[in-house]
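# Understanding the architecture of this molecule
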Amino acid sequence: MGSNQSSYCYHQSNKFQGTSEQLQAIEQIQSEFQITTDHMHAIVDQFIKEMQKGLDHHGATVAMIPSFVSGRPTGEEKGKYLALDLGGTNLRVCQVELLGQGKYHLHQQKYVVSDQLKTGDMRHLCDFIADCVDDFISEHGDPHEKVDMGYTFSFPIWQTSINSGELKQWTKGFACANAVGTDPAVLLQDAFHRKNLLVNIAAIVNDTVGTLMAHAYRHPETTMGVILGTGSNTCYYEDISRITKFEADNNKILSNEMVVNMEWGAFDCERRILPFTMYDNKLNRESVNINEQLFEKMISGMYLAEIARNCMLHWIDRLVLFGGQSSPELNMQWRFETAYMSTIHGDHSPNLTATKHVLEDIMDMPAGSTTLADRQLVQAICIAVGQRSARLAACGLAGIIKHKKMINDDDDDKKNDCLIAIDGSLFEFYPEYEANMMSALVDLFGEKIRHRVRFELSRDGSGLGASVIAMMASKMAKQ
Ligand code: GLC
């Protein structure tokens, strides 16, 4: 059994007062979503094998994409850049002034990307982005000044240089036509030309790489950039000699290491090792990218609440939850949100009043219809799904730590071998997420890991990070 089995339950301070069937349901849920330490070790071993395949050849499941970002920022970079962020909840346009000494100024504006744009023609999406950039420059910049931009495009692209690549597939609910197989930087640059914008896309950047660079601008020893938000993914510094598939143009490489965008969300699409439940399978079958991004679908914020909703419906249909009653809201795909799970997971009130509010005021269960036992069952589901996510994310990190031999066993006093920059709403807001990841790492490596790994929130990846990379790219282009 996993060492922290009991914490999968509803919060223990609330004594359970439901029926024996409900208690059995809670036990079943705990065991379905539990990942034992042995299972985590097996996942980590498989993860390392997949990393190796991705480093060896093109077309592997875990793509391990060389980002063309080599070398580390010094913090002394200076200059004014634009940055663009596509791939999270909103489109963001930022103007960043790098001031040196790890300091910077950032102005930003958010724009909503409609579902229609996310699934329409790519040209329309690019024209929309160009309009937003135009609007931003008229407000905050000088339309007559030429400016370099770092374009954070958070989808899997095969990079062919620091500012070019080919979109491999869409993820996270985007599905624009005429985009897969093309270069997103070229398409956007064309849209800028159509609008006569003097903006040059100097770098195309994955959000993980932006997060790593943003943190490294202030803390050069940062080793990984992780996103735990709508989607999930990680990048890290790899020795170029170990990226055997990469044909380096040595004149353009400034260092012997390069940041690799892993695209870890695709891990185990072969279904060899991850503990898929029927709730995961249902979510996958009903998603726009069936059988893709299976690891991401068990971890990231876009999917967790849908897994929990599937589980709730299962127990409703067995008449164990809410006396078999549901609501149109609860029946609706994607309607239950991960932010609500956060609230429920973090609800320590004796009567679970915050949970009651979510279920009865937001999810439209009839007022007063949920019992305390119902709410405890719902809480048990949310805790189980949330904890499993953190433990799986920790398995991915453990894979990188082992592959890179980051933890030095001989030197017990050495502190913080591994500084990990993390961005995303799950990490920032989901209750106990960081503690659950750390406790999973302790299960895998022992207590010493607490002094060897440090997680730090890094919010400005797609703004600051993309600008630092745009700066490094324009420096490289001039050399
Ligand atoms: C998805 C994308 C990946 C991105 C991640 C986090 O997994 O494929 O490129 O880094 O989401 O936004």
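All of these numbers come straight from a predicted model, not from anything done at the bench.

### Comments concerning the overall build of the protein chain
- For the protein chain, the helix and strand inventory stands at 17 helices and 13 strands.
- Relative to the compact-globule value of 23 Å for 479 residues, the protein chain shows a C-alpha radius of gyration of 23 Å, a close match.
- Here the C-alpha coordinates of the protein chain stretch approximately 70 × 55 × 40 Å along the principal axes.
- Every one of the 479 residues in the protein chain was classed for burial, and the buried ones make up 59%.
- A separation threshold of at least 6 residues defines the contact pool for the protein chain, and within that pool the share at least 24 residues apart is 72%.
- When the accessible area of the protein chain is evaluated, it comes to approximately 18,900 Å², of which 49% is carbon and sulfur surface.

### What about the packing of helix α6 (residues 207–218) against helix α17 (residues 461–478)?
- In contact at an axis separation of 7 Å, α6 and α17 are set at 80° when each is read in the N-to-C sense. The angle between the axes of α6 and α17 places the two elements in the roughly perpendicular class. Taking contact as the criterion, the partners of V209, G210, T211, M213, A214, Y217 and R218 in α6 are, on α17, G461, L464, G465, A466, V468, I469 and M472.
- Considering only residue class, the contact of α6 with α17 consists of nine nonpolar, four polar and one charged.

### Observations concerning the packing of aromatic side chains
- Inspection of the entire model under this criterion finds 17 aromatic pairs.
- Aromatic pair F153 and W170: ring centres 6.0 Å apart, planes at 55°, arrangement tilted. Of this pair, F153 sits in strand β5 (residues 147–153) while W170 is found in the loop between β7 (164–167) and α5 (184–194), placing the two residues 17 residues apart along the sequence.
- Residue classification places F153 among the buried residues on the basis of a relative accessible area of 1%.
- Look at W170 and you get buried, because its relative accessible area is 8%.
- Three or more aromatic residues link up through ring pairs in this structure, and these residues are Y151, F153, F155, W170 and F174.
- Sitting over the face of the ring of F276, R271 holds its NZ or CZ atom 4.7 Å from the ring centroid.

Definitions and cut-offs
- Residues numbered from 1 in each chain as written.
- Predicted model: local features only at pLDDT ≥ 70, side-chain atom pairs only at ≥ 80, totals over all residues.
- Heavy atoms only, no water.
- Helix = DSSP H or I, 4+ residues; strand = E, 2+ residues; numbered from the N terminus.
- Rg over C-alpha atoms; globule rule 2.2 N^0.38 Å.
- Buried < 20%, exposed > 50% of the residue type's maximum accessible area, 1.4 Å probe, protein only.
- Contact = heavy atoms within 4.5 Å.
- Areas by Shrake-Rupley, 256 points an atom, 1.4 Å probe, with all protein chains shown as cover.
- Axes fitted to C-alpha atoms, helices over the stretch in contact; angles between N-to-C directions.
- Parallel < 35°, antiparallel > 145°, perpendicular 65-115°, else oblique.
- Nonpolar A, V, L, I, M, F, W, Y, C, P; charged D, E, K, R; others polar.
- Phe/Tyr/Trp six-rings, centres within 6.5 Å; stacked < 30°, edge-to-face > 60°.
- Lys NZ or Arg CZ within 6 Å of the ring centre and 35° of its normal.

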